[in-house]
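Observations on the three-dimensional arrangement
Chain residues, written in single-letter form:
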Amino acid sequence: MLIICCLLFIVHYLLLILLFNNKKNRIAKMKKALYILCAVVCILLAVFFYFKMAGKSSEKTSRFDIPEEAKNIIAEKYIAIMADNGMTINEGKNPPDIQGIFATDSLELFYTSLKNDLAIGYKVPSYRYKFYGQDGIQVKTDYIQEAPSSDDNATGKGTALSGSGNKFTAYIEQKGSAKGATYRQATVLSGEITPQGIKDFQWGFCILEKEDPDNKLMQVGGVRIWKDKGKLAKKKTKFPYGD
């Protein structure tokens, strides 16, 4: 549009020259105007293509083939940290039906982005998960840590799924409480649905915000990845406790 306006202006200028100047002056001024026209067009084209290429380069490129709903829960930079450090991200937009109740074995830490954090290999007690109300790439999630003394529990909000075949990754925005603190975290769960449960269960998460007066939880923005010691979150029938 800007180029067209400039061209119209220059054409109007040339017409004025033709109407109000003698022949000799008209020729000289027309040559000058044509030079100006060429220069302006070149500049405008250069500016146009510069901004066009700059716009393309600034467009967000996605490394992972996962639903937008998942990216709205956890930033891709955190997913990338997890993927680059051993977390399986099952891509695709046709995940399996994961509804059911599953209990992990103890979970073993195999990556942390934090300095002076828990030691690699550190274990925490088992968790029990409940997935329900699945509609395509959306599912609701509850969980509770099974240790009697633990108060770590949460209800799912905005859980999204990626994956294909029997493999899936769940992206969960959760609000929970633990050790006298409250928090909001983004959780990533990965595995493969089998008749026995979730094979190769992995759990990665980062804290997005927290109210932690005694600073007992990990810092905001930190990432940890855990894997099921027994490599299988077993299928159960009761939640939060039972079989």
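Up top you'll find the structure we're talking about.
One structure accompanies this document, and this report is about it.

Definitions and cut-offs
- Residues numbered from 1 in each chain as written.
- Predicted model: local features only at pLDDT ≥ 70, side-chain atom pairs only at ≥ 80, totals over all residues.
- Heavy atoms only, no water.
- Core = buried A, V, L, I, M, F, W, Y, C linked by side-chain atoms within 4.5 Å.
- Buried < 20%, exposed > 50% of the residue type's maximum accessible area, 1.4 Å probe, protein only.
- Helix = DSSP H or I, 4+ residues; strand = E, 2+ residues; numbered from the N terminus.
- Pairing = 2+ DSSP bridges.
- Contact = heavy atoms within 4.5 Å.

**Notes on the nonpolar core**
Residues Tyr 129, Phe 131, Leu 189, Ile 198, Phe 201 and Trp 203 are the most contacted members of the largest nonpolar core, which totals 30 residues. Sorting the residues of this core by element identifies strand S2 (107-112), strand S4 (127-135), strand S5 (138-145), strand S6 (153-164), strand S7 (167-178), strand S8 (181-194) and strand S9 (197-211) as the ones contributing at least two each. Examining the composition of this core, we find that five residues originate from one element, S9, more than from any other.

**Topic: the pairing of S2**
Here two bridges tie S2 to strand S3 (residues 123-124), and the two strands are oriented antiparallel to one another. By the bridge assignment for S3, Glu 108 is matched with Lys 123. Both S2 and strand S10 (residues 223-228) contribute to a ladder of five bridges, which runs antiparallel. When the sheet's bridge partners are listed, Tyr 111 is paired in S10 with Ile 225.

**Description of the side chain of Thr 194**
Along the chain, Thr 194 turns up in strand S8. Filtering out sequence-adjacent residues up to four positions away, Thr 194 remains in contact with Lys 199 and Leu 232.

**Remarks on unusual backbone geometry**
With omega at 5 degrees, the peptide bond leading from Phe 239 into Pro 240 counts as cis. Relative to the elements of secondary structure, Pro 240 occurs in the segment after strand S11 (232-236). Within the chain, Asn 116 stands out as a residue other than glycine whose phi angle is a positive 55 degrees. As for its position among the elements, Asn 116 is in the loop between S2 and S3. Looking at Asn 116, the relative accessible area reads 84%, which means it is exposed. Positive phi, close to 55 degrees, is recorded for Asn 215, a residue that is not glycine. As for its placement among the helices and strands, Asn 215 is situated in the loop between S9 and S10.

By themselves, these observations are geometric and do not establish any function.
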